[in-house]
Amino acid sequence: MNGAFAQRLRARRRRLALTQEELAERAGISSRHLRDLEAGRIGRPQPATLRLLAEALELDGAERDQFWATPTPHPLLLPPDVPGFSGRAAELAELDRATGPVVVTGPAGIGKTALVVRWAHGAVGRLFDEVLYADLRGFHPDAAPADPGEAVRGFLEALGAESSDDAALYRDLVSRRRILVVLDNARNAAQVRPLLPTGSTARAVITSRHRLTDLVATSAAALIALDLPSSDEAVVLLHRRIGQPAPDPDRAASAAVGGAADPDRAASAAGAGAAADPDRAASASAVGAAADPERAAVVELAETCGRLPLALVIVAARARLSGLPLPVLAAQLRWPGGRLEALDEGGIREVFSWSYRALSPAAARLFRLLGLVSGDDIAAPAVAALAGRPLPEARRALAELTAANLIAERAPGRFTWHDLLRAYAGDLATEQEPEEDRRAALTRLLDHYTHNAYHADLLINPTRAALPIALTTPDHADSADHADSAVRADSAVRAARADNAARADNAARADNAARADNAARADNAARADNAARADNAVRAGNAVRAGNADNADHTVRADSSALADNARPLDMRAAIDWLTAERSSLLAALHQAKEEGLDAHAWQLGWALDTFLHDRRDWHEEGAAWAVALSAATTMVNQPAAAHAHRFLAVADARLARFDEARRHMARAVEVSRAADDRAGEAEAIYVLSYLRWLQGDVDGALDDATRARAMFAEVGDPFWAAKAANAVGWYQTARGKLLEAIDAHRAALDLQIDDRPGQVVTLASIGQVHTYLGDPGGAVSWLTRALELARAMPSELLEAQTLAQLGDAYDAAGDDRSARDFWSQAHTMLANAHHPQAADVGRKLDTADPGRREDAADPGRREDAAGPGRREDAAGPGRREDAAGPGRREDAAGPGRREDIAGPGRREDGAGPGCREDATEPGRPDRG
């Protein structure tokens, strides 16, 4: 749910002078549920809840319509309906009658998913308001079965809740809904059981090649075992997929006596007549076949394919594309070795080969290469990289494969294929592609994923240090044309990371000098105050511009392949959208790279995915990725890379409160770095250790480690990391209430960051935050405004949005609710347009902002008394005075944003360190790369 609905609900309640408890009682819902609605924590309220609230709030007419129109649509996560579906009338009726979970079982290719998807599409609106769907990958030839927590996270996101693997929250949310949960391709009952919904109006339908008898026994699930379709149903399916009218069994029988089948009646009668009397249908087929050679050919084709729906679909595609008469096609399948056994894998392979032999050489080669891919699906630009061909050529081959029903385009630009077809393509690749060609194709694909993930990471984590294992430029002949041409722009991207700010270089140099210039600081404070009002228009313009760009580019970005058509992510939203669309493919590629001995790619992919997984709080997956990277580094005998992986694994474990494991990884990181005589790596381990101590609530220990790391980085002459460690010292000093010492540390960091523009933004903003805690809002706004200007000059969308949010915090601390909301709104617009997870955190600030605060609150920096008693006129700039601590400062002050639970695993929802943002600037977070 968006913030507008929460605000409207809250405003209407207050207009009626109702407390939350009174409104909850009127509406017949719990007070906690109402609080969650007003705070925006429930993404999509049920229609019944909306009706109750509308009645309790006495809404009618246009106001009621507006209230109803605000929430986002309910999830309908179904794959597209299956074209040409026929038969299965009894099974469809059984699904309708079921009142509890249903297991639909049968062999591969029998049509389990097609049946359930067809029924689910017809049940929406009739039996259910919402549908959740997950492919559990129970029998994927390469990928591991999906973890139930992965499905829970996807379901919670679809339901508008915060992503987590909290199965209890998921069950609670679905228990009161008219909702269908489709769990496709399940491996076993243990995988399914945590995903079963509760409540009388929620139902689950599971498909599996196994019968899941223990689920049937323990959860009272109904079992629908699919058999092969009848001969007549198979004939109807073939006719429909070929594009011909299906024959009517009744008319077919009479045709043998004296009439031809009526094609207009055929479609409607085929299902009913055949289902009602299979024996009559079979005899009708035989009689009709004797009277009509085309009919006889279709019957023969159906039987030769063993009536297996998957094989029937492929044969129908061949018939449609070739244009050959059906008797000729049937004769081709009668050739030696061409007849299929009903469910024999070799027989199905022959059907596949029949379709495969009709492909053009380019499409046939691509089909073979697709057998090397381990992910669930693949985007068109990745296919181009795999094949080493230009993207338009790859798209033509993909279109040919799709038309032949050898692959399916499940979403625009994304392709998938059946498990049996995947195995068949893999066999062909092994048989027909030389080992060196297979290796080269897989390397091209991994290059594509690694380079694009790396460039995306630069945009979502601009403060991160360089990749330790440098990327190499692909050397295949077609790299100039295909989608991974972004590699050639690597130097330009690096420039964009730090030096694209050249157009503002003079201003940046002047900015360095301004640190020591009190007059300049005073001017900045005044300018910041004016800009805080006047620049709102500029920022609003930027937001409008971003919104217009969003609208104009929406169609392109909706295509998951949009990023890589030429192919590097161009902005933060493109980066996040691409990483989101490719998440499962990237993780599969990471594992495949390790298994195939491409260890450098495995390590680089683990590194490049870290920020994305961390920002989504997917720490289980983050740790799993780094475990693969550690194994790769060990194989390469690359000790610095291994130490790096140990450090990141320690952080992932600490995030999950597994501190014993985290300490073991840190001890190993130090040991490996010392063995390699890597003093800088050892210093980074100490730096990361400070963060782990902070997570456990040991702020003093964290400060000691950060101070040690700072000295070690200075000793080895690494100003980049010495500055990061100095900032960590500042953050921990702030957490201890030592605000003046914190400013000293941050200013020392700034002096080291001459060539680190992203680092300068972080440090300037950190100093601004400390001034907020000193009771000096004018100084806070001055420093934060300088950070904002530099972020815009770089440019960095993420740092700009985060600094806007911090300016909102500064105004909020000063009591200026209007300005706080202005800056938060601008930050939220940028982050939401980019689909960044931090948008939710800023949105919560907007939802919970007190609308009753004075609109005329003192503007920071404008009135001398704005900061309250104790403010000194000269305390407002970057220069401080020993007595600059504002009102209420205490040596033991609770640091920035500190809450009693901040230190341990129960720390703030945003997971950010003291006085820092949620990005890689967290104290001690191992973002060295």
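So, here is what we can say about the structure in this document. Worth saying up front: this structure is predicted, and the values here are computed from it rather than measured.

Conventions and cut-offs
Residues numbered from 1 in each chain as written. Predicted model: local features only at pLDDT ≥ 70, side-chain atom pairs only at ≥ 80, totals over all residues. Heavy atoms only, no water. Helix = DSSP H or I, 4+ residues; strand = E, 2+ residues; numbered from the N terminus. Buried < 20%, exposed > 50% of the residue type's maximum accessible area, 1.4 Å probe, protein only. Areas by Shrake-Rupley, 256 points an atom, 1.4 Å probe, with all protein chains shown as cover. Contact = heavy atoms within 4.5 Å. Pairing = 2+ DSSP bridges. Axes fitted to C-alpha atoms, helices over the stretch in contact; angles between N-to-C directions. Phe/Tyr/Trp six-rings, centres within 6.5 Å; stacked < 30°, edge-to-face > 60°. Expected span 1.5 Å × (residues − 1).

Overview of the overall build of the protein chain
Stage number 1. Summing up its helical and strand segments, the protein chain has 41 helices and 8 strands in all.
Stage number 2. Counting all 929 residues of the protein chain, 58% fall into the buried class.
Stage number 3. When the accessible surface of the protein chain is totalled, it reaches about 35,600 Å², and 51% of it is carbon and sulfur.

Some details on the environment of Leu-372
Stage number 1. As for its position among the elements, Leu-372 is in the loop between helix H20 (361-370) and strand S6 (378-379).
Stage number 2. Under the relative-accessibility criterion, Leu-372 is labelled buried at 17%.
Stage number 3. Along the sequence, Leu-372 and Leu-386 sit 14 residues apart, while their C-alpha atoms lie 9.2 Å from each other.
Stage number 4. Ignoring sequence-local partners within four residues, the contact set of Leu-372 consists of Ala-429, Arg-438, Ala-441, Leu-442 and Gln-592.

Things to note about the sheet that holds strand S8 (residues 414-416)
Stage number 1. If you walk across this open sheet you meet the 3 strands as S6-S8-S7, and the pairing is antiparallel. Of all the strands in the sheet, the pair left with one neighbour each is S6 and strand S7 (408-411).

Quick notes on the environment of Ala-441
Stage number 1. Summarising the element assignment, Ala-441 is placed in helix H24 (residues 435-460).
Stage number 2. Separated by 55 residues in the primary sequence, Ala-441 and Leu-386 have C-alpha atoms spaced 5.0 Å apart.

A closer look at the sheet that holds strand S3 (residues 179-184)
Hydrogen bonds between backbone atoms are what pair the strands of a sheet, whose relative direction is either parallel or antiparallel.
Stage number 1. In spatial order, the strands read S2-S3-S4-S1-S5; together these 5 strands make up an open sheet with parallel pairing. Strands at the two margins of the open sheet, each flanked by one partner only, are strand S2 (130-135) and strand S5 (222-225). Direction aside, neighbouring strands of the sheet carry axes that sit 15 degrees apart on average.
Stage number 2. Bridge analysis of S3 against strand S4 (residues 202-208) gives 5 bridges, and the strand direction is parallel.

Details of the pairing of strand S1 (residues 102-105)
Stage number 1. With burial as the criterion, each face of S1 is covered, one bearing Val-102 and Val-104 and the other bearing Val-103 and Thr-105.
Stage number 2. Here 4 bridges tie S1 to S4, and the two strands are oriented parallel to one another. For Thr-105, the partnering residue across the bridge sits in S4 and is Ser-208.
Stage number 3. With 4 bridges connecting them, S1 and S5 associate as parallel partners. By the bridge assignment for S5, Val-103 is matched with Leu-223.

Notes on the packing of aromatic side chains
Stage number 1. Overall, the coordinates contain 13 aromatic pairs when judged by the stated rule.
Stage number 2. Ring centres of Trp-119 and Phe-128 lie 6.1 Å apart, and the angle between their planes is 80 degrees; on these two criteria the pair is classed as edge-to-face. The pair Trp-119 / Phe-128 is uniform in exposure class, with both members buried.
Stage number 3. When the ring of Tyr-356 is compared with that of Phe-367, the centres are 6.0 Å apart and the planes differ by 40 degrees; the resulting orientation is tilted. With a gap of 11 residues between them, Tyr-356 in helix H19 (residues 345-357) and Phe-367 in helix H20 connect regions that are remote in the sequence.
Stage number 4. The exposure class of Phe-367 is buried, given its relative accessible area of 1%.

Brief notes about H24
The α-helix advances 3.6 residues per turn, and as a result positions three or four apart in sequence lie on the same side.
Stage number 1. End to end, H24 covers 37 Å across 26 residues, agreeing with the expected 38 Å (1.5 Å per residue, within 8%).
Stage number 2. Counting buried positions over the 26 residues of H24 gives 19, a clear majority of the element.

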